[in-house]
Every structure is written in C-alpha cells, then in structure tokens.
Amino acid sequence: MRRDVRVDGVVQGVGFRPYVHALATRLRLAGRVGNDVAGVFVEVEGAPEDVGEFLASLARDAPPLAHIEHVHVHEAPPAGAQGFEIALSDAHGARNTLVSADSATCEDCLRELFDPADRRHRYPFVNCTNCGPRFTIVRDVPYDRPLTTMAGFPMCGPCRAEYEDPRDRGFHAQPTCCPDCGPTLSLGEAVDPLAEAVRRLRRGEVLAVKGLGGYHLAVAASHPTAAATLRARKHREDKPFAVMCADVEQARGLCRVDEQSLRDLTSRRRPIVLMPRLGDAPVAGAVAPGNRYLGLLLPYTPLHHLLLRDLGEPIVLTSGNRSEEPIAYRDAEPLADIADAVLDHNRPVHIRTDDSVVRAGTLLRRSRGYAPEPVTLARPCRRPVLACGAELKNTFCLAKDDHAFVSHHIGDLENLQTYRSFTEGIEHFSRLFDVTPRVVAHDLHPEYLSTKYAHGLADSPDGVELVGVQHHHAHIASCLADNREAGPVIGVAFDGTGYGPDGTIWGGEFLIASLTGFERIGHLAPVPMPGGAAAVRQPWRMAAAYLGDSVPGWRPEWDAVIAMARNGVNSPLTSSAGRLFDAAAALLAVRDEINYEGQAAVELEQLADPTVQDAYPVRVDDLIVQGIDLLHAILSDRGAPRPVIAARFHNGVAAAILAACVQARDRSRLSTVALSGGVFQNVLLLTRTAELLADNGFRVLTHRRVPANDGGISLGQAAISACR
Ligand SMILES: [Zn+2]
Ligand SMILES: [Zn+2]
C-alpha cells in the first residue's frame, strides 16, 4: 500500500526530513521524503498497518521546532520502491513554505560544546537540526545550505558524513560545521579571541560582539564605569540596557523571576524579559538608571555560552547601534568609535534582527526568535496583502491565504538606514513567502514614510489597490487578529498619537470595531497640545494645558504655555491617553522632560503602589471621559504619598474605561472588549482594567502574539485589508 503525504507548516530547517526518515525506517517502509517550495512531501509504501502507524505518528511525534498546520494524505498506486531516501530539493513550482525562527542552542549541542573529548569542544558555531540560526541566515527557499549564508563553507569529510547519516543529530542540519570547515572567530590579531575578549571585558572595555541578527555592544555588568562609558559613547541617556546572564541562577541574583518570566527566559525564543530587579542587584547604576525593572536574557548562541562561562559574571548586552539607528549587521564599521574591540566571525547575517522583549508574558518587541512565524487569520485574504505599518516601532506584514507574516521589528522610520531595512525587508519577505501584493494597506497619516512608500507602489505600472486604515482601528483589528476573531467588539485603543480623520490627534478612543469597519463612539475629552511635538518631549506642557487657568499661580513658568494653549497657537487638539499619563507624571514630579518615547508613563507605573485599590473619580458622560478630573484629584490629594497617588490615578483610568464600556454595551449590546495601543504595555493599567471588565461581565481580548504598541499595527492593517 502507498500513500503520498504533503505536510504544511514550519517543516523546513527543523529536522523534519530526518525525523520522517527515522520513522519510516523504523516501520520498514520504503519511499522518500523531500523539501520543495511548498513544504515537505512524503511517499511511503509498505504493509497497511505500518503505513497506518506512520500516518498516526507523523504529526504527533514531530521534532520540537516543527509547527505542523495541515497533513494532506492521498492514495497512490504502489511503485515498488526499495529503501527510504531523502530526495534532493526541488526549487520549482509555487512557493508556500514557512521559514523557522532562530532558535537558542539546545541541550545536546551544549553538551557537545563543553565536552573536552568532542571534536567541536568549545567551537562557537555548534548547532543541529533542533537549534541554531535560521531566519537570519536564509537567503531564499527551499531551506538548503546553498541558499543560506553558510554557502561559502563547504563541509569537511566528518561533517559531511554526519550530515548524510540519518542516525546523527547533524543529519541534514543545513548550518552544521566544525572547526575544520566552519566559520571562525576573531578579535583583531588575537591568537585566542575569547580569552582576549574576557580580558578586555574585565578591564572595563566596550566590546562589539557578533550575534545571530547583528552586532551587540557588551560590557561587564558590575564594572563601575564601563556601562556609563557605553552609555556616553552610544548617546543613550536613560533607556535601560539589557543584561545577559549565564544561567537562571545568575538571573535570580539580579531579579525576582516568577514562573511566567522563567518560561519566557528559558524558552528557545530567548527574548529579553523585563523583571523587577532586586534592591541589591550587583549591576552598575548606569545599566538601568532609576528603573525598578531590569531586562535579562540567557545565552542563545554557543559564543554567548562560552563568553559568559569564561567571564564568570553577567554582561550588559545591547543592540550594536548609535541611538536611533538600526542594529549593525554586515560589519562592525558603524561601531568603530563606540567599541574598543570587535569579537567577530565570518558567517554573514542575511537580515538584521534585534532581540525580542517580553514583560509579564506579553510582547513589547517581536523580533528574533519569533519572526517570521505567521499569525493565522480568522478571515483568509481574498488577494495578497502588504501592510506597511506605522512610523514608530515599525513592522510590516505580508499576508496570503490565511497566513499573516508580521516582520521582525524594523524600528522608527526616521532615518535612511531604517527606511532601507523596511524596503529591503519587504522585498525579502515577498520572495521568501512568494507574496505579490495586490492590496497595500497604510496609515492615514500622510507624513509617515510607510504611507509614502504605499503611495509609491500605487503609482507603479502594475498598480495595486490602496487601503487607508485609521490608526486606532488598526490597533483594535490587530488585537482581534491576535485572538483569531473578526468582531464586532467594543475597542479601547489607548496610545500616544494617531492620525484622526477629524483633524485632531487621537489616542484615547472607544470604538465599535470589526475587521470590516469602525465607528468612534467615545474618547477622552480633547485638550490642546501646546507646542505640538514639544508637548510630547516635555510632559509638563500637558499638565499646563490640562489645568490651564483652573489652578492660578501653580507654576509661574507655565503661564506662557497656558496662554499658547488658550489661544490655540501651535496647539493641536488631542484625545491622547498617553498625554494624560504625561500630565499626571509631570504633576507628580516624576519627569518634566523625556529622553525616550513613553518614559514618563513608564516611570509613573513604576512609582505606583500596586496594593492600593481605591480610585480617583472621573466623569464619563456619553462616552466622553473627563481626564481633567484625575489631575484635579491629584492636586487635592497632595498630602498622600506619591506611590499612593500614582496608583489611585491608574485605578481611576481603569474605572473610567469600565464606565465607558458599560455605556457602550448599553448602546451596542456588545459585551466583548478589545484592549490595544501602547498605553496597555502598562501592566498595572492592563491588569486593573481587564479585572474590572471581567468582574462586570465583559469578555476581554488582549494581545498575545504581537505587541499592543505600534509594532502590532501592520497585522491590524493586514487583517482589515484581507476582508476587502
Ligand atoms: Zn542543537
Ligand atoms: Zn567540519
């Protein structure tokens, strides 16, 4: 009996063919297995009960990195095949395969790395079919060595033998290599690059270290001056640095690691995990100034493991770039005046990818280890879609059938290099996933570079249909797509800034929204933003704008700005929730000026005492939330400790959201609420709001697979366009 089988999903580069080979051989089946541009195909012949057992085991026992979506089985006439073989790859035909994300070094490879008797003992590029680089080295599909950045490293005899031996862990591991045939480490002219790296870190020098998705900058975390030096050279003022620890035990010496964080920290995706730092954590002050949280990650390449073990203490590990620029990945040239030395290697990185960031189980930045895993859409695309995303924290998304491929984190589209990552990334994804977009989605903001890029495509000869998607509708659609739903729901979109079709700046919005449309049914009462962009950089301006003349003489230096707001000079109106948090932070003297987006709100959350349960009252009439009430309450509560005030403010916002949602439910009969937008990265606000809503009979949708911030916008745009 013979069966032909097609397997769809993440099945290339994850040891699937060797797995099938081993399974078929064990069951004494004949036939073959191979990769093609559509995934994996299998032909099996043998006794009916053996074929049956093969089919039953196929998906159930698949290797850890495989993600199987469908198994199609067809009957076929027996061909009298002898033995079971792995077929050569076929690069023709329609492409429909998925590329695996990069994966942290597995336990088997770690044993090999530290086994003095192994021929790969301390070799920094050990990997196998269950781990190692994938997305970052793939130039094209199918996933085979000649189409990766390992093409320039011909295998030696022993590696070739392992690669061809179905019983070996290296069997068909495309990046497999050894000290005789693989990439090599270097640090200037040093004979022992690792020992030299460790010596320099101990001296307090700044080291560039080549990783999977580009270069990092590293210093010893406890060195008294190294982190400050790095901060000064990188021109990064306050934004916290991440710290890499050798293992969980070392991480527990720095942070309180709860179970959720432990799962993320040790997952094969290896994101940076933000956790509450211990008071006596032995890291220099400049690592995360004024921050109660620390971002930790564990080693994810053999090189990291060797470096951390030899150094014997944690290192600061931050993206290799100057502030605002994308991570350096082709060579360390852009880091020449930041790093004292470069721990380099000669395996090229094909696509730059930053580390992902997670907090309390939710993604803040989705990149290495996650991309390019697709999100499955509730409504398949009628035509292939490109969604260009937002301006800040940009990602783009290509969608075909029911797959949405959200890109790795691209960054803020405000300099040429980031914009080039964006355009090159779109070309790369289009090729890998064989998507030729017929529909192109973009934000309504005419000045976003992503919007301009979309308009450029519409002008091309084989024109595409453009779909403009309102920013906050995209947020709610992103949350719907994240939960594989289509709506309609009550959408609460709270963020910093988004283009409103009425000429004001939106950002504290209540919508009735589905993937096919939205209606704005409520919002924060608008206030002027005196000085426009200056009001974003200087939160005190928002406090002045909110309070205006209602508190005379509060701070004399506010007078000019209050007059500016009153007369409407360079003061666009905004309903932004982010600006309300800014105003509260300024009143609580958390911060008058910010050095990175959302800083005042981040610090306000950290100030708040989570044990405080009572809330400041807020008027909510006809779904208009009077944010000013919260600020007056802060002023009249000035005798209370600041952590209590900050908590009452958070609780007041959550209560106002509940009140608005109850009014929305009365009006619409809907009882599902989707929470999205960058303000919901605030875990205190998110949990308080979700609890309140659930206690009052609402079903609550939150983000799980893409960030609530603008990194999720492209998915929302794609999900909306898929329905067009
Ligand atoms: Zn491995
Ligand atoms: Zn070799």
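What you see is a predicted model; the values in this text were computed from it and never measured. Throughout, residues of each chain are indexed from 1 in the direction in which the sequence is written. Each chain takes a letter, starting from A, and each ligand takes a number, starting from 1, following the order in which they are written. Local features are withheld for residues below a pLDDT of 70 in this predicted model, meaning they are given only at 70 or higher, and side-chain atom pairs are given and counted only at 80 or more; totals for whole chains, interfaces and linings count all residues. Values reported for side chains reflect all heavy atoms of the structure, with hydrogen atoms and water molecules removed beforehand.

### With respect to the coordination of the zinc ion (ligand 2)
In step 1: Note that water is not among the atoms used; donors are N, O and S atoms within 2.8 Å of the metal (3.2 Å for Na, K and Ca), so sites may look incomplete. Listed as protein donors to the zinc ion (ligand 2) are Cys156 (SG), Cys159 (SG), Cys178 (SG) and Cys181 (SG); their distances from the metal cover 2.3 Å.
In step 2: Under the classification used here, a metal with four donors is tetrahedral if each angle lies between 85 and 135 degrees, square planar if opposite donors are over 155 degrees apart and the others between 65 and 115, a six-donor metal meeting that same test is octahedral, and anything else is irregular. In this structure, the zinc ion (ligand 2) is coordinated by four donor atoms arranged in tetrahedral fashion, with angles at the metal of 104 to 117°.
In step 3: Here the donor residues of the zinc ion (ligand 2) share one chain and are spaced in sequence as C-x2-C-x18-C-x2-C.
In step 4: Each residue gets one of three labels from its accessible area relative to the maximum for its type: buried under 20%, exposed over 50%, partly exposed in between, using a 1.4 Å probe on protein chains only. Taking the relative accessible area as the measure of exposure, Cys156 reaches 16% and is therefore buried.

### Quick notes on the nonpolar core
Inside soluble globular proteins, nonpolar side chains tend to come together where they are buried.
In step 1: To qualify as a nonpolar core, a set must consist of buried Ala, Val, Leu, Ile, Met, Phe, Trp, Tyr and Cys residues joined through side-chain atoms within 4.5 Å. If you look at the biggest cluster of nonpolar residues, it comprises 71 residues, and the most contacted ones within it are Val492, Phe494, Phe510, Leu604, Leu631, Ile634 and Phe649.
In step 2: Among the elements that line this core, the one with the most residues is helix α19 (residues 642-668), at 13 residues.
In step 3: Residues Phe16, Leu58, Ile86 and Phe429 belong to the second largest nonpolar core, which totals 49 residues. Strands here mean DSSP runs of E at least two residues long; helices mean DSSP runs of H or I at least four residues long; both are numbered from the N terminus.

### Here we look at unusual backbone geometry
In step 1: Ala371 connects to Pro372 through a cis peptide bond whose omega is 5°.
In step 2: You can see Pro372 is positioned in the loop between β15 (362-365) and β16 (375-376).
In step 3: Cis geometry marks the peptide bond from Gly487 to Pro488; its omega dihedral reads 5°.
In step 4: Secondary-structure assignment places Pro488 in the loop between α12 (471-482) and β22 (489-499).
In step 5: We note that His235 has phi near 55°; this positive angle belongs to a residue other than glycine.
In step 6: Of note, His235 is situated in the loop between α6 (226-234) and β9 (242-244).
In step 7: Among the residues examined, His235 registers a relative accessible area of 58% and is labelled exposed.
In step 8: The backbone of Asn570 shows a phi angle near 45°, a positive value even though the residue is not glycine.
In step 9: Topologically, Asn570 is positioned in the loop between α15 (559-566) and β26 (573-574).

### Side note on the coordination of the zinc ion (ligand 1)
In step 1: Taken together, Cys106 (SG), Cys109 (SG), Cys128 (SG) and Cys131 (SG) make up the full set of protein donors to the zinc ion (ligand 1), lying 2.2 to 2.3 Å away.
In step 2: Read from N- to C-terminus, the donor residues coordinating the zinc ion (ligand 1) fall into the pattern C-x2-C-x18-C-x2-C. One end of the pair, Cys106, is in the loop between β5 (84-86) and α3 (107-113); the other, Cys131, is in the loop between α3 and α4 (157-164), and 25 residues separate them in sequence. Side by side, Cys106 and Cys131 carry an identical accessibility label, which is buried.

### Concerning the sheet that holds strand β6 (residues 185-186)
In step 1: Two strands qualify as a pair provided that DSSP identifies no fewer than 2 bridges between them. The 10 strands lie next to each other as β6-β13-β7-β8-β12-β9-β11-β10-β14-β15, forming an open sheet whose pairing is mixed. At either margin of the open sheet sits one strand with a lone partner, and together these are β6 and β15.
In step 2: As paired strands, strand β7 (residues 207-210) and strand β8 (residues 215-220) are joined by four bridges and run antiparallel to one another. Within the sheet, the bridge partner assigned to Val209 lies in β8 and is His216.
In step 3: α6 rests against β8 and β12 (315-319) of the sheet, and its axis sits at about 145° to β8.
In step 4: Strands β6, β7, β9, β12 and β13 (341-345) of the sheet are contacted by helix α9 (residues 302-311), whose axis makes an angle of about 150° with β12. We call two residues in contact when some of their heavy atoms are within 4.5 Å. What counts as an axis is a line fitted to C-alpha atoms, over the stretch in contact for a helix, and the angles between N-to-C directions run from 0 to 180 degrees.

### Considerations on α15
In step 1: Of all the positions in α15, only Val561, Ile562 and Ala565 are classed as buried. Across the axial projection of α15, the buried residues extend over an arc of 100°, all falling on one side. Residues of α15 that are exposed and angled more than 90 degrees away from the buried face: Ala560 and Arg566.
In step 2: Residues of α15 that are buried make contact with β25 (527-528) and α14 (539-547).
In step 3: Positive backbone phi, approximately 70°, marks Gly568, located one or two places after α15. Note that the arc is defined by the directions from the helix axis to the C-beta atoms.

### Remarks on α12
In step 1: With 12 residues, α12 ought to run about 16 Å at 1.5 Å a step, and its terminal C-alpha atoms sit 16 Å apart, in line with that.
In step 2: Most of α12 is tucked away, with 12 of its 12 residues classed as buried.
In step 3: Along α12, the residues classified as buried are His471, His472, His473, Ala474, His475, Ile476, Ala477, Ser478, Cys479, Leu480, Ala481 and Asp482.
In step 4: Immediately downstream of α12, the backbone of Arg484 shows phi near 55°, a positive value. Here the expected length of a helix is defined as 1.5 Å per residue gap, with one fewer gap than residues.

### Remarks on the packing of helix α16 (residues 577-587) against α19
In step 1: Contact geometry of α16 with α19 gives a least axis separation of 11 Å together with a crossing angle of 155°. When the axis of α16 is compared with that of α19, the two are roughly antiparallel. Relative to α19, α16 is oriented so that their crossing is right-handed. Residues Leu580, Phe581 and Ala584 of α16 pack against Phe649, His650 and Val653 of α19.
In step 2: When residues are grouped by polarity, Ala, Val, Leu, Ile, Met, Phe, Trp, Tyr, Cys and Pro land in nonpolar, Asp, Glu, Lys and Arg in charged, and all others, Gly among them, in polar. The residue makeup of the contact of α16 with α19, split by class, is five nonpolar, one polar and no charged. Reported orientations rely on four angle classes, namely roughly parallel under 35 degrees, roughly antiparallel over 145, roughly perpendicular from 65 to 115, and oblique for the rest. Take the far helix as the reference: if the near one is turned anticlockwise from it by less than a right angle, the crossing is left-handed, and if turned clockwise, right-handed.

### As for the environment of Thr225
In step 1: Within the fold, Thr225 resides in the loop between β8 and α6.
In step 2: Owing to a relative accessible area of 46%, Thr225 belongs among the partly exposed residues under this scheme.

### Remarks on the packing of helix α10 (residues 416-432) against helix α11 (residues 449-458)
In step 1: Where α10 meets α11, the axes come as close as 11 Å, and the angle between the chain directions of the two elements is 45°. Between α10 and α11, the interaxial angle falls into the category oblique. In this structure, α10 crosses over α11, and the sense of that crossing is right-handed. Where α10 approaches α11, its residues Tyr419, Phe422, Thr423 and Ile426 are matched on the opposing element by Leu449, Ser450 and Tyr453.
In step 2: Partitioning the contact of α10 with α11 into residue classes produces five nonpolar, two polar and no charged.

### Focus: the packing of aromatic side chains
In step 1: We call Phe, Tyr and Trp rings a pair once their centres come within 6.5 Å, taking the six-membered ring for Trp, and we label the pair stacked below 30 degrees between planes, edge-to-face above 60, and tilted otherwise. Within the structure shown, the criterion is met by 12 aromatic pairs.
In step 2: Where Phe405 meets Phe433, the ring centres are 3.9 Å apart and the plane angle is 10°; that geometry is what we call stacked. Pair noted here: Phe405 is in strand β19 (residues 403-406) and Phe433 is in the loop between α10 and β20 (439-443), with a separation of 28 residues, a long-range link. Both residues of the pair, Phe405 and Phe433, belong to the buried class.

### Points about the side chain of Arg359
In step 1: By the element assignment, Arg359 lies in strand β14 (residues 357-359).
In step 2: By relative accessible area, Arg359 is classed as buried at 10%.
In step 3: N or O atoms within 3.5 Å of each other form a polar contact, as long as, within protein, one can give a hydrogen and the other can take it, and as long as residues adjacent in sequence are counted only when both atoms are side-chain atoms. A polar side-chain atom of Arg359 sits 3.4 Å from a polar atom in the side chain of Tyr293.
In step 4: Apart from residues no more than four positions distant in its own chain, Arg359 is found in contact with Leu274, Tyr293, Leu364, Glu605, Gln681 and Val683.

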